[in-house]
Amino acid sequence: MRRLTGPWRTLAAALVAGAVCLVGLNGGTPARAADTVTLNLYIGGDTNIFDLWKKALLPAFTKRYPRYKANMVELLHDNGSEGIYAKILAAKRAGRTVDVDLWETTPGFMEQGIGEGLWVKLSDRIVPNISKVPADTLAAADYYGLPYRGSSVVIGYNSQFVKNPPSTFDDLVAWIKANPGKFTYCDPNTCGSGTAFVTGAIYRYASAERFAGKAYDAKDEAAWQPGWKLLKDLQPAMYNNGFHPNGNVAVLQLLAQQNIWMASVWSDMGLDWYTRGQLPKAMRFIQITPPLMGDDSRVMLPAGSAHLEGALTLLNWLLTPEAQTMVIDVVAGYPGIDWKYMPESVRQKFKDVAKAFAPWPNPKYLADIKRLWHEQVVGGAQ
Amino acid sequence: MTDSRRQGALGLALVLPPLLVLIFLIIVPAVSAVIDTLHPPEGAGWTLTNYALILGNRVLRSDIRFSIVVTLAAVAVTFCLSYPLALYLRFTKGRLPSLLAVLFTIPLFVPVVIASFAMITFLVNHGMVSTVLYRMGIEWFPPLVYNATGIVLTEVWTTIPFAVLILGAGLQAIDDALIDGARDVGAGPLRTFVSIILPLNATPTMITLTLLFIGIFGSFTIPYLVGGNAPQMLGVTMTNYLTQYLRRLDAVTIAVIAFLIAAAVGALYVVSVSRRERHAL
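Residues numbered from 1 in each chain as written. Chains lettered and ligands numbered in written order. Predicted model: local features only at pLDDT ≥ 70, side-chain atom pairs only at ≥ 80, totals over all residues. Heavy atoms only, no water.

- If you look chain B up in an unreviewed UniProt entry, it shows as ABC transporter permease subunit from Candidatus Segetimicrobium genomatis.
- Listed in UniProt under the heading Sequence similarities (unreviewed entry), the comment for chain B reads: "Belongs to the binding-protein-dependent transport system permease family. CysTW subfamily."
- Here is the UniProt Subcellular location (unreviewed entry) comment for chain B, exactly as written: "Cell membrane". (UniProt positions renumbered as here; feature names shortened; annotations may be inferred.)

- By the naming in an unreviewed UniProt entry, chain A goes by Extracellular solute-binding protein and is assigned to Candidatus Segetimicrobium genomatis.

What follows is the structure, encoded as structure tokens:
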């Protein structure tokens, strides 16, 4: 073997030195990757939502991205959210980072936070998969909250007794009158599915857009009068001469015991109960026209998060078909991304309910709807 | 002198924390709430408008009436059931009374939420009671839950132990010698009860009735779970106005009205007790 001499030797030395440098640099990256980053997630909701994160989404995410670990804080029924909001706001005012990297909460806190500039404004530049989310859903929250799942109120019926399910709100009213005692909705003070039916009756005679926006004028509520009359006329045809149980679950129980044959229910709860075999085999779910109300559940990224990069990675992953399928499998929710990106089998399963849903009235009108329902429909006021 | 002053300071230091809690968490918020209802932040000057609006609302008037009637019914039933039980436990000796004394306190240890759901399962259509009646051939009976009947039955079930305990404490205080004396001069059980026990136990009885009324009148969980859609008891109405209808001022006004009703019952008790004591002197 010829020995390296002169310039060759210098070159070889330079190459070796270069290689060492490169290896050294490369070696640095794995060493940094070994530092796991812990993301702090604050999830408000019911126990099914906690299970969705804890048992499905987070294990899959940390498996896909081993760099990240997740520390999840459960806020049952959003109890304690005031404190979380105050914490994020205080950190923002003090110009410090906050240990909240992702927060799922009610629209009220999202709105308040938008006003204070607390959230990261999302775009396809920082969350590429956001392009799969319908643009109007994102625009509804001004691109501050990421709608990663949804659900709407639909009509559940027992096909053993109901051969021709109603397809419009008027059909539904006609069916209720023709089958006294076989329909009810829960007290709107205790659940969303009842509020949706009541609002549906109001929207039958008044435009949804008028009450969904931010403007509020109590005088406009005169337009609800025909709706109240309709609901009052329906009272004798309700289950038990006009009884409205407390809570979504109580209505599902009435359906399960076949005390009633039809009711307004949340799509995710109804499908979940059905899949677990807690409802009769003949239960079916449909959306009527005009549709009842629905919600998109959103997560927000506090701008003061200390782990923005990790939180954005998580958000982007949440919008993959893999994560979205979990939303459907675990809580029977609607996907946050457009239906066309979902597998065919999923689209088939949801074809009767996966339609556009109506917007809720704004919180002030909603509060008045509940109060006036109590006065006009069950309270016996003039 | 220094010692007594030091003791005074110690006493003050011990009393101070609960006193501060009382002042800053109860009295100050309550007073400012009352002022809010009489002097609305946006309105000009002192006014009774809020009270006029609340009392002018037919639905709210029926809620107030409903609360009073349901409470009186529950107090009456509870009292009629607990007084004989308290008498029995006081004046009968043996194994059965001591066993009963333990048994009847059980509802005291059952959380109200669980008691309410248990009552619903028990009384609802297709529930235990209806199944038993159906087997006996009775196919129709009045609805027992989601109405006033349900509230009264559940309130009675949960408050009997409390009523028996207070009535029992009063009965314990009656000297056996008095009863033996009455018997010696030939008084029968009824005469002993009417002339000795009833008058001597009047104050504990008044205390029991007052506490029962205030407790049931202000209850929330039972009427919320077992009651119907309308009318509702004031605890539920207030909560709805505060959390569902987003009308804080209305909720506070209803709370003040509820407080006035409870205070009137309290005053009745104070007057009757102090009159008795004057007579005793």
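There is more to say, and it comes next.
## Describing the pairing of strand β4 (residues 146-158) of chain A
Both faces of the sheet carry side chains from a regular strand, because those side chains alternate between them.
Residue and element names in this part refer to chain A.
Thinking step 1. Of all 13 residues making up β4, 13 are buried, and the element is well covered by its neighbours.
Thinking step 2. Where β4 meets strand β8 (residues 294-300), six bridges bridge the pair, whose relative direction is antiparallel. Residue pairing for β8: glycine 150 is matched across the bridge by aspartate 296.
Thinking step 3. The pairing of β4 with strand β9 (residues 334-335) spans two bridges and is classified as antiparallel. Across the sheet, residue glycine 150 finds its bridge partner in β9, namely tyrosine 334.
Thinking step 4. One ladder, built from five bridges, connects β4 with strand β6 (residues 262-266); its direction is antiparallel. If you follow valine 153 over to β6, its bridge partner there is tryptophan 266. (Buried < 20%, exposed > 50% of the residue type's maximum accessible area, 1.4 Å probe, protein only. Helix = DSSP H or I, 4+ residues; strand = E, 2+ residues; numbered from the N terminus. Pairing = 2+ DSSP bridges.)

## With respect to the UniProt feature "transmembrane region" (unreviewed entry) in chain B
Residue and element names in this part refer to chain B.
Thinking step 1. In the numbering adopted here, UniProt assigns the feature "transmembrane region" (unreviewed entry) to residues 64-87, 99-124, 144-167, 206-226 and 251-271.
Thinking step 2. Split by type, residues 64-87 is 100% helix and 0% strand. Its first and last C-alpha atoms lie 34 Å apart.
Thinking step 3. Secondary structure content for residues 251-271 is 100% helix and 0% strand, and the end C-alpha separation is 30 Å.

## Observations concerning the side chain of His374(A)
Thinking step 1. Within the secondary structure, His374(A) is located in helix α15 (residues 363-378).
Thinking step 2. Within the structure, the side chain of His374(A) is placed 2.8 Å from the backbone oxygen of Asn229(B), a separation counted as a polar contact.
Thinking step 3. The residues touching His374(A), leaving out its near neighbours within four places in the chain, are Asn189(A), Gly379(A), Val59(B), Asp63(B), Asn229(B), Ala230(B), Gln232(B) and Tyr245(B). (Polar contact = N/O pair within 3.5 Å; in protein donor to acceptor, adjacent residues only side chain to side chain. Contact = heavy atoms within 4.5 Å.)

## So, the interface of chain B and chain A
Thinking step 1. Contacts between the two partners involve 17 residues from chain B, matched on the other side by 24 residues from chain A.
Thinking step 2. Between chain B and chain A the total buried area reaches about 1,800 Å² when both faces are included, carbon and sulfur atoms providing 45% of it.
Thinking step 3. Between the two partners, chain B and chain A, sit nine residue pairs in polar contact (both at pLDDT 80 or more).
Thinking step 4. Contributions of two or more residues to the side of chain B that touches chain A are made by α3 (58-91) and α12 (234-244) of chain B. (Buried area = accessible area lost by both parts, 1.4 Å probe.)

## Observations regarding the UniProt feature "domain: ABC transmembrane type-1" (unreviewed entry) in chain B
Thinking step 1. With numbering aligned to this structure, UniProt lists the feature "domain: ABC transmembrane type-1" (unreviewed entry) at residues 64-269 of chain B.
Thinking step 2. With 77% helix and 0% strand, residues 64-269 of chain B has its two end C-alpha atoms placed 21 Å apart.

## Some points on the domain arrangement of chain A
All names here are of chain A.
Thinking step 1. Under the domain assignment, chain A is made up of domain 1 (6-150 + 295-349) and domain 2 (151-294 + 353-376).
Thinking step 2. Contact residues are listed per partner, giving ten residues for domain 1 and 14 residues for domain 2.
Thinking step 3. Summed over both partners, the interface of domain 1 with domain 2 buries about 1,000 Å², with 50% contributed by carbon and sulfur atoms.
Thinking step 4. Contact with domain 2 buries area across many residues of domain 1, yet Asp295, Ala332 and Tyr334 alone supply 55% of it, more than any other trio. (Domains from an automatic or database assignment.)

## As for the nonpolar core
All names here are of chain A.
Thinking step 1. One finds Trp53, Leu57, Leu102, Tyr148, Leu315 and Trp317 to be the most contacted residues of the largest nonpolar core, which totals 62 residues.
Thinking step 2. The dominant element in this core, judged by the number of residues it contributes, is helix α2 (residues 47-64), at nine residues.
Thinking step 3. Summarising the domain contributions, this core has at least three residues from each of domain 1 (6-150 + 295-349) and domain 2 (151-294 + 353-376).
Thinking step 4. When near neighbours in sequence (up to four residues on either side) are disregarded, leucine 57 contacts Leu52, Tyr148, Trp317, Leu318, Ala323 and Met326. (Core = buried A, V, L, I, M, F, W, Y, C linked by side-chain atoms within 4.5 Å.)

## So, empty space enclosed by the protein
Residue and element names in this part refer to chain B.
Thinking step 1. Using the criterion set out here, one finds four cavities of 30 Å³ or more in the structure.
Thinking step 2. Approximately 80 Å³ is the volume attributed to the largest cavity.
Thinking step 3. Forming the walls of the largest cavity are 15 residues, and the residues nearest its centre are Pro223, Tyr224, Gly228, Gln232 and Val236.
Thinking step 4. Going through the elements one at a time, α11 (221-226) and α12 are the ones with two or more residues in the lining of the largest cavity. (1 Å grid on protein atoms, 1.4 Å probe; cavity = no way out; pocket = protein on both sides within 12 Å on 5 of 7 lines; lining within 4 Å. Points joined across faces, edges and corners; volume = space filled by probe spheres on them.)

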